[in-house]
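# Examining the three-dimensional arrangement
Each chain is listed here by its residues.
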Amino acid sequence: MTASTIDPQIARSWLLVSGIRSEDFDPAADSRADQIILDIEDAVDPKLKADARTSVIDWLSSGGAGWVRINDRTTEFWSDDVDGLKGVPGLSGVMLAKTESAEQVTETFDRLGGTVPILALVESALGIEEAPAIARARGAFRLGFGSGDYRRDTGTSADDLAMAYPRSRLVVASRIGNLPGPIDGPTVGSNHPVLRQKSEHAVAMGLTGKLCLDLDQLSVINETISPTVSDATWARDFLDDFESRGRVIRDGSDLPRLGRAEKIDRLARAFGVVPIARR
């Protein structure tokens, strides 16, 4: 069982694994996923919730490491989820399903002992409208987009234009809350060109991660959300030039370009994207 070396603040691929399928935990941990999420919410039948919770806790307590998607605050399962996970050594953080208020985040954070980061999964019209408050809640670590449930709640299609508002709302809310960029919902299916297009669109909107349901999607997501080689090369060249001239600001475009170059360079180093060497 291995743990990802990618910081969850910048993690690109978030692999959801059903909490009732314990045989999939080790392969997920050994995969290309930046982070894994053991799901004891939507992926588990209500009659099997207790068994799934026990399997997840046992695996985390035996050397495994990962996040856990727990049931939402309004359900009968939430209390048992947070009480069972409190103090479990391998718990990286908790994804709170169907988050609709800042209070739900803070109460979950407090019940877990005040040290476990909460990834608030926003999945409804109310959650989207409350996103700025959710992002500023004590314990909030990152926002995620439960796109499927959002469409079900609102009747919105999966069309990129129709889904632009909730994605932008989460991006703006994350900035207001001083959080890392939000995590996009999963793209269902095995069509890699479609997955690449959807991932590229999410990046263009300002999202910096993506949920996924299949091991085969990981390489596409990781590649698409990482800086390109050309971007990494531009960033390194700009920073080298900036240093060589004594970090002197020449005009009003330098500071924005510096900020962009530093961000790209930091991500490229973290994700192992190597700039083209100068000749």
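The shown structure was predicted, so the numbers you read here are calculated from the model rather than taken from an experiment.

### Quick notes on the pairing of strand β6 (residues 140-145)
Burial of β6 is extensive: six of the six residues sit out of reach of the surface. Of the strand pairs in this sheet, strand β5 (residues 118-122) and β6 are connected by five bridges, and their pairing is parallel. Across the sheet, L119 pairs through a bridge with R142, a residue of β6.

### Some thoughts on helix α7 (residues 147-154)
Among the residues making up α7, those that are buried are S147, D149 and Y150. Within α7, the buried residues cover an arc of 160° as seen down the axis, which keeps them to one side. Packed against the buried residues of α7 are α5 (125-129), β6 and α8 (164-176). Once α7 ends, the next one or two residues include G155, with phi positive near 80°.

### Description of the pattern of salt bridges
Here the structure, examined in full by the defined rule, presents 28 salt bridges. For R73, the salt bridge goes to E107, with nearest N and O atoms at 2.9 Å. Highlighted residues: R73 in the loop between β3 (66-70) and α3 (78-85) and E107 in helix α4 (residues 102-111), separated in sequence by 34 residues. Residue R73 is classed as partly exposed on the basis of its relative accessible area of 27%. Residues R269 and D265 are paired through a salt bridge, measuring 2.9 Å at the closest nitrogen-oxygen approach. Of the two residues, R269 and D265 both sit in helix α12 (residues 254-271), four residues apart, roughly one turn of that helix. Here R269 falls in the exposed class, since its relative accessible area comes to 59%. With relative accessibility at 9%, the residue D265 sits in the buried group.

### Describing the environment of D110
Summarising the element assignment, D110 is placed in helix α4. Each C-alpha atom, one on D110 and one on I183, is 23 Å from the other, the two residues being 73 residues apart in sequence.

### Description of the environment of E243
Tracing the backbone shows E243 in helix α11 (residues 229-244). Here the alpha-carbon distance between E243 and G114, two residues 129 residues apart in the chain, equals 42 Å.

### With respect to the pairing of strand β1 (residues 13-18)
Along any regular strand, the residues point their side chains to alternate faces of the sheet. In terms of burial, β1 is a largely internal element, six of the six residues being buried. Across three bridges, β1 lies against strand β8 (residues 209-212) in parallel orientation. Each residue of the ladder has a partner; that of S13, found in β8, is K210.

### Considering the packing of helix α9 (residues 192-205) against helix α10 (residues 218-225)
In a packed pair of helices, the relevant descriptors are the angle between the two axes and the axis-to-axis distance. Close contact between α9 and α10 brings their axes to 9 Å; oriented N to C, the two are set at 35°. Considering how the two elements wind past one another, α9 and α10 form a crossing that is right-handed. Of α10, the residues touching α9 (which contributes H192, L195, R196, S199, E200 and V203) are V220, I221, E223, T224 and I225.

### Details of the nonpolar core
Nonpolar side chains in soluble globular proteins tend to be buried together. L60, I70 and L85 are the most contacted members of the largest nonpolar core, which has 51 residues in total. For this core, the leading source of residues is helix α2 (residues 49-61), giving five residues. Listed in part, the 17 residues of the second largest apolar core include W14, W67, L121 and V273.

### Things to note about unusual backbone geometry
Residue K98 is not a glycine yet carries a positive backbone phi of 50°. Overall, K98 belongs to the partly exposed group, its relative accessible area being 23%. Look at N178: it is not a glycine, yet its phi comes out positive at around 60°. As for its position among the elements, N178 is in the loop between α8 and β7 (183-184).

Parameters at a glance
- Residues numbered from 1 in each chain as written.
- Predicted model: local features only at pLDDT ≥ 70, side-chain atom pairs only at ≥ 80, totals over all residues.
- Heavy atoms only, no water.
- Buried < 20%, exposed > 50% of the residue type's maximum accessible area, 1.4 Å probe, protein only.
- Helix = DSSP H or I, 4+ residues; strand = E, 2+ residues; numbered from the N terminus.
- Pairing = 2+ DSSP bridges.
- Arc of directions from axis to C-beta.
- Contact = heavy atoms within 4.5 Å.
- Salt bridge = Lys/Arg side-chain N within 4 Å of Asp/Glu carboxyl O.
- Axes fitted to C-alpha atoms, helices over the stretch in contact; angles between N-to-C directions.
- Left-handed = near helix turned anticlockwise from the far one by under 90°.
- Core = buried A, V, L, I, M, F, W, Y, C linked by side-chain atoms within 4.5 Å.

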